[in-house]
Structures are given as C-alpha cells and as structure tokens.
Amino acid sequence: MFTYSKLAQGGIAAVSYLAAVAGEKRLAGSAEIAADRQLSRQLVAKILTLLSGAGLVEGKSGPAGGYQLARPAAEITLLDVVRIFEDPEERVMCPFGPQWCGVGPKCPLHDTFSEMQQQALQRLARESFAQFEKSAV
C-alpha cells in the first residue's frame, strides 16, 4: 500500500479540484477548494503556494483572485504533485526498524517492499488529473 503525507494528500485534493473546474475557465480560491475537499483553509493556502512555486498552478491575488492549473490536467500526474511535498522514493519502511535495511543486512521483506514501492511510483506516474475534469467525473 502506498502512503503519503497530509500535505501530499492535500496537494492531490487541490489539484483534482482545479482540474474539475478547469473547463469553467475561472479561478478558484483557497476557501472554495477547502470547503469542497473538507480541508482547512490554511492548509489549502499553504499547499497552493507550494504548488504555485513548483509551476503546477497559477495564482492571482486580489478580490477576483484565485488559482488555476498552469497546464492541462492531462499533463499533470499524481507523482508530479506528490514529489512537491515529499520524496516518494524514500518512503520504503523496513518492518525491522530504521537500523536494519540500508544499514545492516537486508530484511526478508526488503525486495518485496522495494518492488511494491516501484509499482506504486509507476502507477502514480501514469495517472493524470484529466480523469477529474468535469466531463470525466
């Protein structure tokens, strides 16, 4: 099972919302996204700032401001978003604890967990946000 941080999860939620409203050709604010995805506004604002800095979303400040995707939803993958918030290649956890795999001998599940991790990363790289666009929902 692939797990990711609260920020990465929020990033996926925010980008999926922006993909869903992309066809409306409008900007969406952090409060709107937070309410729809049931996240705190402060968390969404932080996430949008990071996504903007990474070039995945574009923001405009002011009363008529908000955010939109910086490129088509089909060109943004789940892995693109996750990588902004964490290094998913570092997420493989040894069931024997941090002083086993990579420090001592490999645990009996090392190869299995590594293979599962690679499969998860490949899947995240194949999944785009196009599936969240209104016509796909």
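Residues numbered from 1 in each chain as written. Predicted model: local features only at pLDDT ≥ 70, side-chain atom pairs only at ≥ 80, totals over all residues. Heavy atoms only, no water.

All right, on to the environment of Val 81 then. Considering the arrangement of structural elements, one finds Val 81 in helix H4 (residues 78-85). Given a relative accessible area of 0%, Val 81 falls into the buried group. A C-alpha to C-alpha distance of 22 Å links Val 81 and Phe 113, two positions 32 residues apart in sequence. Here Val 81 is in contact with Ala 8, Gly 11, Ile 12, Val 15, Leu 51, Leu 56, Ile 76 and Phe 129, once residues within four sequence places are set aside. (Helix = DSSP H or I, 4+ residues; strand = E, 2+ residues; numbered from the N terminus. Buried < 20%, exposed > 50% of the residue type's maximum accessible area, 1.4 Å probe, protein only. Contact = heavy atoms within 4.5 Å.)

To continue, consider the side chain of Ser 16. Turning to its location among the elements, Ser 16 is positioned in helix H1 (residues 6-21). Ser 16 sits in the buried class, given a relative accessible area of 4%. Leaving out residues up to four positions away in the same chain, Ser 16 has contacts with Arg 37, Phe 129 and Phe 132.

As a further point, take the layout of surface pockets. Taken as a whole, the second largest pocket spans an internal volume of roughly 180 Å³. Around the second largest pocket sit Leu 18, Val 21, Ala 22, Lys 25, Arg 26, Tyr 67, Gln 68, Leu 69, Arg 71, Pro 72, Ala 73 and Glu 133, which together line it. Looking at the lining of the second largest pocket, the element that brings in the most residues is strand E2 (residues 66-69), giving three residues. Within the lining of the second largest pocket, the residues separate by chemical class into seven nonpolar, one polar and four charged. (1 Å grid on protein atoms, 1.4 Å probe; cavity = no way out; pocket = protein on both sides within 12 Å on 5 of 7 lines; lining within 4 Å. Points joined across faces, edges and corners; volume = space filled by probe spheres on them. Nonpolar A, V, L, I, M, F, W, Y, C, P; charged D, E, K, R; others polar.)

What follows deals with the packing of H1 against helix H3 (residues 41-53). The contact between H1 and H3 brings their axes to 9 Å, and the two run at 80 degrees. Relative to H3, H1 is oriented roughly perpendicular. Where H1 abuts H3, its residues Lys 6, Leu 7, Gly 10, Gly 11, Ala 14, Val 15 and Leu 18 lie against Leu 43, Lys 46, Ile 47, Leu 48 and Leu 51. A breakdown of the residues in the contact of H1 with H3 according to their chemical character gives eight nonpolar, two polar and two charged. (Axes fitted to C-alpha atoms, helices over the stretch in contact; angles between N-to-C directions. Parallel < 35°, antiparallel > 145°, perpendicular 65-115°, else oblique.)

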